[in-house]
Protein chains: 2
Amino acid sequence: MPRTGRRPGESGSRERILATARAHFARDGYDGATIRGIAASARVDGALVMHFFGSKEHLFVEAMRFPDDPVRFIPSLVGPGVEGLGERLAEFFLEQWEGPNGSQFIALVRSVATNEKAAEMLRGFISREVLARVVAGLGKDVPRERVALAASHLVGVALLRYIIKLEPIASMDRRVLAHEVGPVIQQYFSAKAPARRGGRSQR
Amino acid sequence: MPRTGRRPGESGSRERILATARAHFARDGYDGATIRGIAASARVDGALVMHFFGSKEHLFVEAMRFPDDPVRFIPSLVGPGVEGLGERLAEFFLEQWEGPNGSQFIALVRSVATNEKAAEMLRGFISREVLARVVAGLGKDVPRERVALAASHLVGVALLRYIIKLEPIASMDRRVLAHEVGPVIQQYFSAKAPARRGGRSQR
């Protein structure tokens, strides 16, 4: 998007548009959200949204760009080692969903369903930002597929708790939930790989 | 939907519309699919779709009505008891997604994201058809929240494998996957409930 110089106040509008876009994508998904609706909620002209972002897709990409801070925290969760890792990750994950970045996660998951760009972003986010950091922190002790499976459980909990709102998962106390799920995903980190037919490695 | 008598050939058109609707909802989600597009693909007039189903929402409800057969099979999975239940359920679940009813599951999940009716249907389906059957089969041995958490893991695997297509989960052999996930969700069925606050059990 060509931008020639920044006028005073632009930065405020840009941030407000991004925050509004996150809320709209979270509520309506990628397909349902419109530039017009976002502009109206942000109290700016649609042309200003186009001036800043050029297209709905680019606006989406910018709005969904996660702040680095949360994922940067992952190595410190992995650092203390495998013991208790499941519960530390489960707690951290649920905190993120219930914190200020939560609407971004919800927006991504809502958009993923029908939009390949969103699916690609979430795939890339989980793969590069989350799995890679956890795998790197653990060294070669835990195969990547095990980390991905642990992540899949957390993602499933989030889908049922925050989007489908299935009881009793939707209303469980966050700490109780982390304390239930943590030891279960811990198996992926601490258990030996099960023997498979024909004899894959036992590790 | 008032229906006054069934003309010859109607049943074939109705089934064809339903099958086409499933494919469209699976591809485009609830919001993206249109009566017009479904009618065109099914090679019928839009008015015939309205004659049969009255509205997009009602068409969706009819198209998403799961055949009873798969869930009826659950008691026979639970019947043999808790031992090995995790793996039996994981295998059965993945088979369903990769079988002829798979597109209905995908359609529901894609639609859930942005449509409360779809979320309500999926919530009801998991709650009444799946959890209730498993919990009933197990007696009072396993709390409902544990069964729901096991289900959340399976749902998360499906989301990453079939919709987000995250590797390596997307390409794993189905049996290997069931063999990894099964023993992990088994913990929900066989482990004692952990002591909460003021004394976590070590197990």
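Quick caveat, the model's predicted, so the values are computed rather than measured.

*Asks:* How do you make sense of the overall build of chain A when you look at a structure like this?
*Replies:* Check the secondary structure of chain A and you find 11 helices and zero strands. Along the chain direction, N to C, the helices and strands of chain A fall in the order α-α-α-α-α-α-α-α-α-α-α. Burial statistics for chain A: of 203 residues in total, 39% are counted as buried. For chain A, contacts bridging at least 24 residues in sequence account for 67% of all contacts bridging at least 6.

*Asks:* How do you make sense of the interface of chain A and chain B when you look at a structure like this?
*Replies:* Frequently, the measure chosen for interface size is the accessible area removed from exposure when the parts meet. Residue-level contacts link 41 residues of chain A with 42 residues of chain B. Looking at the side of chain A that touches chain B, the elements with two or more residues in it are α1 (10–32), α8 (102–112), α9 (116–138), α10 (144–164) and α11 (174–190) of chain A. Class assignment of the residues belonging to the side of chain A that touches chain B gives a composition of 23 nonpolar, nine polar and nine charged.

*Asks:* Any chance you could explain the relation of the copies chain A and chain B here in plain terms?
*Replies:* The relation between the two copies of this chain is a rotation about an axis and a shift parallel to it. It takes a turn of 180 degrees to lay chain A on chain B, together with a shift of 0.0 Å along the axis; the resulting RMSD is 0.0 Å. Taken together, the rotation and translation describe the operation of a two-fold axis. Interface residue correspondence from chain A to chain B reaches 100%, placing this contact among same-surface, isologous pairings.

*Asks:* Can you help me understand the domain arrangement of chain A in this one?
*Replies:* Residue and element names in this part refer to chain A. What the domain assignment reports for chain A is domain 1 (10–64) and domain 2 (68–190). Centre-to-centre separation of domain 1 and domain 2, based on C-alpha positions: 27 Å. At the interface, 10 residues of domain 1 touch 13 residues of domain 2. Contributing elements (two or more residues each) for the side of domain 1 that touches domain 2: α1 and α4 (56–64). The biggest single contributor to the side of domain 1 that touches domain 2 is α1, with seven residues. Looking at the side of domain 1 that touches domain 2 residue by residue, the classes come out as six nonpolar, one polar and three charged.

*Asks:* Can you help me understand the environment of L89 of chain A in this one?
*Replies:* Residue and element names in this part refer to chain A. Turning to its location among the elements, L89 is positioned in helix α7 (residues 85–98). Owing to 26 C-beta atoms within 10 Å, L89 belongs among the buried residues under this scheme. Distance from L89 to P183, taken between C-alpha atoms, is 10 Å for residues 94 residues apart in sequence. Ignoring any residue separated from it by four or fewer positions in sequence, one finds L89 in contact with L77 and I185.

*Asks:* Got a minute to help me understand unusual backbone geometry in this structure?
*Replies:* Excluding glycine, most residues fall at negative phi; most peptide bonds, likewise, are trans. All names here are of chain A. Along the chain, E167 connects to P168 via a cis peptide bond; the corresponding omega equals 5 degrees. Structurally, the position occupied by P168 is in the loop between α10 and α11. One non-glycine residue with positive phi stands out, namely R43, at about 55 degrees. Tracing the chain through its elements places R43 in the loop between α2 (35–41) and α3 (46–53). With 10 C-beta atoms counted inside 10 Å, the residue R43 sits in the exposed group.

*Asks:* Is there a simple way to explain helix α11 (residues 174–190) of chain B in this structure?
*Replies:* An α-helical turn contains 3.6 residues, so a residue and the one three or four places further along point in the same direction. Taking 1.5 Å of rise per residue, the 17 residues of α11 of chain B would be expected to cover 24 Å, and the 24 Å separating its terminal C-alpha atoms lies within 8% of that figure. At G182 of chain B, α11 of chain B shows its maximal kink, close to 30 degrees; a proline, P183 of chain B, follows between one and four residues later. Of all the residues in α11 of chain B, the buried ones are L177, A178, E180, V181, G182, V184, I185, Q186, Y188 and F189 of chain B. Buried residues along α11 of chain B sit against α10 and α11 of chain A together with α7 (85–98) and α10 (144–164) of chain B.

*Asks:* How should the nonpolar core be read in this particular structure?
*Replies:* In globular proteins that are soluble, nonpolar side chains generally tend to be buried together. Ranked by size, the top nonpolar core spans 114 residues in total, and within it L108 and L159 of chain A together with L108 and L159 of chain B carry the most contacts. Excluding residues that lie within four positions of it along the chain, L159 of chain B makes contacts with V155, G156 and L159 of chain A together with V109 and I164 of chain B.

*Asks:* For this particular structure, what's the right way to read the environment of A23 of chain B?
*Replies:* As for its placement among the helices and strands, A23 of chain B is situated in helix α1 (residues 10–32). Placed 18 residues apart in sequence, A23 of chain B and S41 of chain B show a C-alpha to C-alpha distance of 9.9 Å.

*Asks:* Can you help me understand the packing of helix α9 (residues 116–138) of chain B against α10 of chain B in this one?
*Replies:* For any two helices packed against each other, one specifies the crossing angle of their axes together with the interaxial distance. All names here are of chain B. Axis separation between α9 and α10 bottoms out at 10 Å; the angle between their running directions is 120 degrees. As the angle between them shows, α9 and α10 are arranged oblique. By crossing handedness, the relation of α9 to α10 is classed as right-handed. Here I126, V130, L131, V134 and V135 of α9 lie close against α10, whose contacting residues are R144, V147, A148 and A151. Here the contact of α9 with α10 is composed, by residue class, of eight nonpolar, no polar and one charged.

*Asks:* Is there a simple way to explain α4 of chain A in this structure?
*Replies:* Within the sequence span of α4 of chain A, burial applies to L59, F60, A63 and M64 of chain A. Down the axis of α4 of chain A, the smallest arc covering the buried residues is 120 degrees, so these residues share one side.

*Asks:* I tried to follow the confidence of the model for chain A on my own but got confused; where do I start?
*Replies:* Interpreting fine coordinate detail is not advised for predicted regions of low pLDDT. All names here are of chain A. Per-chain confidence: chain A averages 83 in pLDDT, with 85% of residues scoring 70 or above. Between residues 194–203, whose pLDDT stays under 50, and residues either more than four places distant or in other chains, the model counts 10 contacts. Note on the complex model: pTM 0.80, ipTM 0.79.

*Asks:* So what exactly am I meant to see when it comes to the packing of α10 of chain A against α11 of chain A here?
*Replies:* Residues and elements named next belong to chain A. At a closest axis distance of 8 Å, the pairing of α10 and α11 adopts a crossing angle of 160 degrees. The orientation of α10 relative to α11 falls into the category roughly antiparallel. Where α10 crosses over α11, the two elements pack in a sense that is right-handed. Contacts between α10 and α11 involve R146, L149, A150, H153 and V157 from the former and V181, V184, I185, Y188 and F189 from the latter. Partitioned by chemical class, the residues of the contact of α10 with α11 number eight nonpolar, one polar and one charged.

Rules of the game
Residues numbered from 1 in each chain as written. Chains lettered and ligands numbered in written order. Predicted model: local features only at pLDDT ≥ 70, side-chain atom pairs only at ≥ 80, totals over all residues. Helix = DSSP H or I, 4+ residues; strand = E, 2+ residues; numbered from the N terminus. Buried ≥ 20, exposed ≤ 12 C-beta atoms within 10 Å, placed from the backbone. Contact = placed C-beta atoms within 7 Å. Nonpolar A, V, L, I, M, F, W, Y, C, P; charged D, E, K, R; others polar. Least-squares fit on C-alpha atoms with pLDDT ≥ 70 in both. Domains from an automatic or database assignment. Expected span 1.5 Å × (residues − 1). Bend = angle between axes of the 7 residues up to and from the residue. Core = buried A, V, L, I, M, F, W, Y, C linked by C-beta atoms within 7 Å. Axes fitted to C-alpha atoms, helices over the stretch in contact; angles between N-to-C directions. Parallel < 35°, antiparallel > 145°, perpendicular 65-115°, else oblique. Left-handed = near helix turned anticlockwise from the far one by under 90°. Arc of directions from axis to C-beta. pLDDT = per-residue confidence, 0-100.

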